[in-house]
Amino acid sequence: MCLAVPGCILSTSGEDFSRMGRVDFGGIVRQINLAFTPEARVGDYVLVHVGVAIATIDEAEAERVFAALESLGEAGGAA
Amino acid sequence: MKHVDEYRDAEAVARLAGAIAAATTRPWTIMEICGGQTHAIMRFGLDQLLPREITLVHGPGCPVCVTPEAYIDKALEIAAMPSVIFCSFGDMLRVPGARGDLLGVKARGGDIRIVYSPLDAVEIARANPGREVVFFAVGFETTAPANAMAAHKARSEGVKNFSLLVSQVLVPPAMEALLSAPDTRVQGFLAAGHVCTIMGTEAYGPIAARYRVPVVITGFEPVDILAGILACVQALEEDRHEAINMYARMVRPEGNLPARTLIDEVFEIADREWRGLGVLPSSGLALRPAYSALDAERRFGAAENAATAPSICISGDILRGVCSPLQCPAFGGACTPEHPLGVTMVSSEGACAAYYRYRGATRLAGD
Ligand code: SF4
């Protein structure tokens, strides 16, 4: 039920609680409420739950996940 | 799809599984709170990649599963009224109350509509001014912002024929209840990432310190879940009792402040009953007095506790992580997703359904 899906913002319109955006989920485009992600811009990825964006994805933090994996690999290779 | 596919990469998964095996020297029992994580663990077979010493137990993090029977019965009663359009997320339709389920009411002519978002229910109310539109507002913190937004829009835009049947629950009080139980087996937690996206991480440091358990905020894809388990095992092995955020691309320490502000405007903290856990103090949300006109329980009468019929179903113990679905005598026999006896088989995020769907063959081979 807490399922939330990342999608890319194609366009935005409106303000405050009526701030909406067209969001692309791998080819499926839906109108999503963006009121809780006022910082999100066209091209940003947002995390969407029941029609509402609940977070803007932090790309730098996403990269850190894979950087950490790389260093695991080195440790594993050395062992 | 970006931000999904790369977290399902087989090589990354194998690398993490190797690192978990290398880090583990002793047996540990770790609970994933969230039903979405339970589902992913079973779907991708992640538990089978772990060393023998690691036991995953499944938590109560499925709102469909923990919504009390009294609210299901109230929903059935309201949905059967000819004046009402009853709106719900699809997964609530087969949850059994004392007198059947919403699907049965729909079959008998009840106007029940499955909606994708609570905001859709507000639009249905606007389009049908002659009818009462009721939304079944179940969920954890993750769903609270959308439910709060629906309430706020209906109130500020004067949509008077809209109301909410609220069964909103909060995760940290349930974690404390589980950890306080004398029969708890939980030594470490994977905390629910999307709940933390809203509420942030501040609740978990004190829980980690007080109950001496590491709490690792974890996402939902295979790489996320294994990275969460690795961080939890490392903390357990080093005797560190702290909250660790392994889902930082989605979770800020303070959570989502605009969402928290609106939740706080619309809802207040209240005692809530959880199916399987009983009434937990301060474990849910109720509409504030300023929003009470939108409360379906005020419009249609309060949900009342019904006596529950005795059953062989052990879903209460499964929701507390004390039993595994495989310990239930009805699992896969008398109880299947087609004929569920309990909530943990109804919801696709319930542990019984996840085991049945992804482990049916294993069970038969082991019999
Ligand atoms: S298998 Fe069915 S009867 Fe057994 S605990 Fe799960 S839901 Fe209840």
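Just so we're clear, the structure is a prediction, and the values are computed from it rather than from any experiment.

Rules and cut-offs
- Residues numbered from 1 in each chain as written.
- Chains lettered and ligands numbered in written order.
- Predicted model: local features only at pLDDT ≥ 70, side-chain atom pairs only at ≥ 80, totals over all residues.
- Heavy atoms only, no water.
- Core = buried A, V, L, I, M, F, W, Y, C linked by side-chain atoms within 4.5 Å.
- Buried < 20%, exposed > 50% of the residue type's maximum accessible area, 1.4 Å probe, protein only.
- Contact = heavy atoms within 4.5 Å.
- Near = heavy atom within 4 Å.
- 1 Å grid on protein atoms, 1.4 Å probe; cavity = no way out; pocket = protein on both sides within 12 Å on 5 of 7 lines; lining within 4 Å.
- Sits in = over half its atoms within 2 Å of the grid points.
- Helix = DSSP H or I, 4+ residues; strand = E, 2+ residues; numbered from the N terminus.
- Nonpolar A, V, L, I, M, F, W, Y, C, P; charged D, E, K, R; others polar.
- Points joined across faces, edges and corners; volume = space filled by probe spheres on them.
- Polar contact = N/O pair within 3.5 Å; in protein donor to acceptor, adjacent residues only side chain to side chain.
- Pairing = 2+ DSSP bridges.
- Buried area = accessible area lost by both parts, 1.4 Å probe.
- Salt bridge = Lys/Arg side-chain N within 4 Å of Asp/Glu carboxyl O.
- Axes fitted to C-alpha atoms, helices over the stretch in contact; angles between N-to-C directions.

1. Some points on the nonpolar core
Residues and elements named next belong to chain B.
- Judged by nonpolar contacts, the single largest core of 106 residues is most densely connected at Phe86, Phe136 and Phe162.
- With residues up to four places along the chain from it excluded, the contact list for Phe136 reads Thr67, Tyr71, Ile72, Ala75, Phe86, Cys87, Ser88, Met92, Leu102 and Leu165.
- Core analysis: the second largest hydrophobic core is formed by 45 residues, Ile41, Leu190, Ala351 and Ala354 among them.

2. Focus: the site of the ligand
All names here are of chain B.
- Taken together, 13 residues sit near the ligand, with Cys313, Cys328, Cys335, Thr344 and Cys352 positioned nearest.
- With respect to the pocket detection grid, the ligand is positioned in the largest cavity.
- Elements supplying a minimum of two residues to the shell around the ligand: helix H14 (315–319) and helix H15 (343–346).
- Of the residues belonging to the shell around the ligand, the class tally is ten nonpolar, three polar and no charged.

3. Here we look at empty space enclosed by the protein
All names here are of chain B.
- Counted according to the given criterion, the structure contains three cavities of 30 Å³ or more.
- Reported here for the largest cavity is a volume of approximately 80 Å³.
- Along its surface, the largest cavity is lined by 13 residues, and Cys313, Cys328, Cys335, Thr344 and Cys352 are the ones closest to its centre.
- Looking at the lining of the largest cavity, the elements that each hand over two or more residues are H14 and H15.

4. Side note on helix H8 (residues 171–180) of chain B
- With respect to burial, H8 of chain B is a largely interior element, seven of its ten residues being buried.
- Along H8 of chain B, the positions that sit buried rather than exposed are Val171, Pro172, Pro173, Ala174, Met175, Leu178 and Leu179 of chain B.

5. Regarding the side chain of Glu221 of chain B
Residue and element names in this part refer to chain B.
- Relative to the elements of secondary structure, Glu221 occurs in the loop between strand E8 (215–218) and helix H11 (222–237).
- Reaching out from Glu221, the side chain makes a polar contact with the side chain of Arg8 at a distance of 2.6 Å.
- With near-sequence residues (within four places) excluded, Glu221 lies in contact with Val4, Tyr7 and Arg8.

6. Topic: the environment of Met42 of chain B
All names here are of chain B.
- Note that Met42 resides in helix H2 (residues 35–43).
- By relative accessible area, Met42 is classed as buried at 2%.
- In sequence terms Met42 and Ala351 are 309 residues apart; their C-alpha atoms lie 9.0 Å from each other.
- Discounting residues that sit within four places of it in the chain, Met42 has contacts with Asp47, His58, Ala354, Tyr355, Tyr358 and Arg359.

7. Considering the pairing of strand E3 (residues 84–88) of chain B
Residue and element names in this part refer to chain B.
- Extensive coverage of E3 is indicated by the burial of five of its five residues.
- The alternating pattern of E3 places Val84, Phe86 and Ser88 on one face and Ile85 and Cys87 on the opposite face, and all of these are buried.
- As judged from the four bridges shared by E3 and strand E5 (residues 132–139), these two strands associate in the parallel manner. Across the sheet, residue Ile85 finds its bridge partner in E5, namely Val133.

8. Overview of the interface of chain A and chain B
- In this complex, chain A contributes 37 residues to the contact, which on the side of chain B involves 42 residues.
- When chain A packs against chain B, the two sides together hide about 3400 Å² of surface, and 71% of this comes from carbon and sulfur.
- For chain A, the biggest contributors to the area lost against chain B are Met1, Cys2 and Phe36 of chain A; these three give 24% of the whole.
- Put simply, chain A and chain B have one salt bridge between them.
- Measuring nitrogen to oxygen at the nearest pair gives 3.2 Å for the salt bridge that ties Lys2 of chain B to Glu59 of chain A.
- The interface formed by chain A and chain B contains eleven residue pairs in polar contact (both at pLDDT 80 or more).
- Sorting the residues of the side of chain A that touches chain B by element identifies strand E1 (5–13), strand E3 (28–33), strand E4 (45–49), strand E5 (52–56) and helix H1 (59–78) of chain A as the ones contributing at least two each.
- The biggest single contributor to the side of chain A that touches chain B is H1 of chain A, with nine residues.

9. Re the sheet that holds E3 of chain B
Residue and element names in this part refer to chain B.
- The sheet built from six strands is open, its strands ordered E4-E3-E5-E6-E11-E10 with mixed pairing. Every other strand in the sheet has two partners, leaving strand E4 (112–114) and strand E10 (267–274) as the edge strands with one partner each. Pairs of neighbouring strands in the sheet enclose a mean axial angle of 25 degrees, with direction left out of account.
- Looking at chain direction, E3 and E4 are connected through three bridges and run parallel. In the sheet register, Cys87 faces E4, and the bridge partner there is Arg113.
- Of the strands in this sheet, strand E6 (162–169), E10 and strand E11 (278–287) are in contact with H8, which crosses E11 at around 175 degrees.
- Set on the sheet, helix H12 (residues 257–266) makes contact with E10 and E11; between it and E10 the angle comes to about 80 degrees.

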